[in-house]
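Examination of the molecular architecture
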Amino acid sequence: MAAAISGAGRCRLSKVGAARRPPPARVRVAVRLRPFVDGTAEENDTPCVRGLDSCSLEIANWRNHQETLKYQFDAFYGERSSQQDIYAGSVQPILRHLLEGQNASVLAYGPTGAGKTHTMLGSPEQPGVIPRALMDLLQLTREEGAEGRPWALSVTMSYLEIYQEKVLDLLEPSSGDLVIREDCRGNILIPGLTQKPITSFADFERHFLPASRNRTVGATRLNQRSSRSHAVLLVKVDQRERLAPFRQREGKLYLIDLAGSEDNRRTGNKGLRLKESGAINTSLFVLGKVVDALNQGLPRVPYRDSKLTRLLQDSLGGSAHSILIANIAPERRFYLDTVSALNFAARSKEVINRPFTNESLQLPVLAPVKLSQKELLGPSEAKRARGPEEEETGSPELPIAPASASQKLSPLQKLSSMDPAMLERLLSLDRLLGSQGSQGTPLLSTPKRERMVLMKTVEEKDLEIERLKMKQKELEAKVLAQEAADPKEKENYSSTMLRPLARRTVTVAKPLKKAVVMPLQLIQEQAASPNAEIHILKKKGRKRKLESLDASQPEKAEDGWELQISPELLAHGRQKILDLLNEGSARDLRSLQRIGQKKAQLIVGWRELHGPFSQVEDLERVEGMSGKQMESFLKANILGLAAGRGCGPS
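Residues numbered from 1 in each chain as written. Predicted model: local features only at pLDDT ≥ 70, side-chain atom pairs only at ≥ 80, totals over all residues. Heavy atoms only, no water.

Under an unreviewed UniProt entry, the name given to the protein is Kinesin-like protein, and the organism recorded is Ovis ammon polii. Turning to the protein, the UniProt record has this under Function (unreviewed entry): "Kinesin family member that is involved in spindle formation and the movements of chromosomes during mitosis and meiosis. Binds to microtubules and to DNA. Plays a role in congression of laterally attached chromosomes in NDC80-depleted cells." Of the comments in the UniProt record for the protein, the one headed Sequence similarities (unreviewed entry) reads "Belongs to the TRAFAC class myosin-kinesin ATPase superfamily. Kinesin family." (UniProt positions renumbered as here; feature names shortened; annotations may be inferred.)

All right, on to the packing of helix H3 (residues 83-91) against helix H5 (residues 129-144) then. Packing of H3 against H5 brings their axes to within 10 Å, and their N-to-C directions diverge by 55°. Relative to H5, the element H3 lies oblique. Of the two possible hands of crossing, H3 and H5 adopt the one that is right-handed. Where H3 approaches H5, its residues Gln-83, Gln-84, Tyr-87 and Val-91 are matched on the opposing element by Val-129, Arg-132, Ala-133 and Asp-136. Here the contact of H3 with H5 is composed, by residue class, of 4 nonpolar, 2 polar and 2 charged. (Axes fitted to C-alpha atoms, helices over the stretch in contact; angles between N-to-C directions. Helix = DSSP H or I, 4+ residues; strand = E, 2+ residues; numbered from the N terminus. Parallel < 35°, antiparallel > 145°, perpendicular 65-115°, else oblique. Left-handed = near helix turned anticlockwise from the far one by under 90°. Contact = heavy atoms within 4.5 Å. Nonpolar A, V, L, I, M, F, W, Y, C, P; charged D, E, K, R; others polar.)

Bringing the pairing of strand S8 (residues 151-163) into the picture now. Extensive coverage of S8 is indicated by the burial of 11 of its 13 residues. With 12 bridges connecting them, S8 and strand S16 (residues 230-241) associate as antiparallel partners. The residue bridging Thr-156 from the neighbouring strand is Lys-236, located in S16. The pairing of S8 with strand S13 (residues 196-198) spans 3 bridges and is classified as antiparallel. Residue Thr-156 lies in a different strand from S13, and its bridge partner there is Pro-197. Across 4 bridges, the pairing between S8 and strand S9 (residues 166-169) is antiparallel. Directly across from Ile-162, in S9, lies its bridge partner Val-167. Connecting S8 to the antiparallel partner S9 that follows it, the hairpin turn spans 2 residues, and Gln-164 within it adopts a positive phi of roughly 50°. (Buried < 20%, exposed > 50% of the residue type's maximum accessible area, 1.4 Å probe, protein only. Pairing = 2+ DSSP bridges.)

Taking 1.5 Å of rise per residue, 14 residues should cover 20 Å, and helix H10 (residues 335-348) covers 20 Å from first to last C-alpha, within 8% of that figure. Of the positions making up H10, those classed as buried are Tyr-335, Asp-337, Thr-338, Val-339, Ala-341, Leu-342, Phe-344, Ala-345 and Ser-348. (Expected span 1.5 Å × (residues − 1).)

On to the UniProt feature "coiled-coil region" (unreviewed entry) in the protein. The positions UniProt marks with the feature "coiled-coil region" (unreviewed entry) are residues 458-485. Along residues 458-485, the helical share is 100% and the strand share 0%, with 41 Å between the first and last C-alpha atoms.

This next bit is on unusual backbone geometry. For residues other than glycine, phi is negative in most cases, and the peptide bonds are mostly trans. Omega for the bond connecting Ala-244 with Pro-245 falls within 30 degrees of zero, at 10°, which places this linkage in the cis form. In this fold, Pro-245 is placed in the loop between S16 and strand S17 (247-257). A positive phi angle, near 50°, is found at Gln-164, a position not held by glycine. With respect to the secondary-structure elements, Gln-164 resides in the loop between S8 and S9. For Gln-164, a relative accessible area of 22% corresponds to the partly exposed category. With a phi angle near 60°, Phe-246 is a residue other than glycine that sits in the positive phi range. You can see Phe-246 is positioned in the loop between S16 and S17.

So this is what it looks like as C-alpha cells:
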C-alpha cells in the first residue's frame, strides 16, 4: 500500500522538514440509508438493505436469495438518523485538522435519487453537512484568531462545478472553462478561480446561495431535481503567527457533492440528458479506477484521466483526512445501484492517505526607520553641507544626551554610498538585535582599523566625484563662451565635428542575364510579313548602382536583356485568349498555360453563371490572380498561341 502514495504527496514532505514519512490515515467511510420516498412504497415494497448495528449492514444476495451479503464500515446511519447525527458522528471531528494546517475532504457518493444533495445541503429546517461545517469552522476561527492569541486566522471560499468535463466557477459563471494545474510542490490549484473572504455565516450565505442557483440541475424519471454536475465547495483557512518565528499555515476543506451514477434505461435520458449522463458515469468510472489502482499499489494512478479525479488527488491517496458518505436507497428497484455503491465504499476504505501540516516560515516586515539628512550623510558631505561661513563662525554644539543601548546607531550610518532603503533595513535590524541586551550579537564584526580605512576610501571617492563634476562644469562654460564670441567658428567647428567618416563602397551583385528563346515557326511567320516589326528580345543598358556616400560618382551601365512584345502581337494574343475563354471547352482551356483541370472547370462554371468574359482581366476574379501573375500569364500564353502550341497544367 505504501507504493500507492502519489508522487505529489512525497514531494510535499519537504515542506515540514521531516526526515520520516507522515503517519498514514485511512479514508473513513460512512453509509447512510435513506427512508422510502413515500409512505405507500414501504407497504408494497420490502427493503433490500437492513442495518445490523452502528457500523455494519446486510443486503440480499442476488445470486442466492436465501443468503445475505454483510458489509462493515466506520459508521452506518439508518433511516431514522438525522442530519445532526451524521454531521456530529463523521464530519465534525475532522474540522480540528484545518487549524493544524492540514487538509480535509468530505465526499457524498451514491446513485441518483439516493439523497446525496440532501446530505450535503439539507433544508432550512434540517441543514446538511455544508452549512453545519461552515458554522462551526467560522466559530473556531473566531475563537482561535481572537486578540491575544498567537495566531491570526482568515477564511476564504470558492465554489465550482464539473459539468461535462468542464470546470465552471459558480461564483463567477462568466469566467468560462477553467484549467487545473499543479505547482512545483504538488499542490492542486485552479488559476482564475474566484475566492471570497468570509468572516461570518451571513457572509457565507450571501455568496453561497446565489452560486447554488447557478449549478446545473435537470429532471429525470427518478428525480425531478437531479444534479447534472459534480459540485465542489473549497474552504481555505490561512493562519499567520503574530510573534516570532512568524510561521504560516494553510488548511483546505473540500466539501464535494458528486453527481449520481445513472441507468439510462430507467431514467429515460435522451438528447442532452443522455450526454450529461455519459459524462457523469465516465468520471465515476475513472474514480473507481483510481481507488483500485491505489489499493493494488499500481505504479500509475490515473488521476489525469478525468477532471474529477484530478481535483480529488489530495482526497484519495494524497494528504487529506477524507470522509466518504455513501448514500443508498432501500427500494428493490435500486438493488444493483445499491450493491455497486456498497462495493465502491468497501474498496475506498482501504485507501491510505498521509496528511501533514502545510507550514512555512516568513520573515517579519520591519518598520522603516526615518533618518535625518545629517545621519545619512558622511562626515565629509556633512562638512560641505554646512558651508564655509558656518565653519569660520562655528556653531555651538548642543549637549548630547547619552543614548541607550537600543538607540545606538551602527557604524553603517556613516557609509553614504549605501542605498538608503537598504541602510534603513540594516539599522532596524541593528536596533532589534540591540534591544535583546547582552544576548544579542553585534551586527558587524569588522575591526576598527579596517572600518576606518573603508570610511576614508569612501570619502576620497566622494571628493574625486565632486572634482570631476566641477571640471565638467568648467568645460561646458568654456564652450559656451567660445560659441558666443565667434558664431562662424561655431559653424566651422560643427561642420568639422559632424562630418561623416568615409566608408568603403559596397557593390551590389550583378543581376543574372535572362533570355527567352522563341519558336522558329513564329520567327519565320513574322519575317514573312513585310510590315511586321516585332522585337522579342531587346538589348538594354542596365545600370549597376554603387552604394557610396559621395553622390558625385558616375553610375556604370551594364548590358542586360529585357522581354518586349509588339502591340499588334499582344492585341492579337489577348483576343485569341478571350475567344478561348468564352467559347472553348474545359479540354480547350487546359491547353493554356497555368490552367489545369480544376481551374478549367471553374472557368466554365463561372461563364455559365455570369455570362461571357468581357476582357481577359476578368479572369482575376475567378482565379484570384494578382497584377503581376496576370501579366506573366498573358505573356506566356500569347507566345504559346503565336507558336501554335499550348502548355498543360503547371
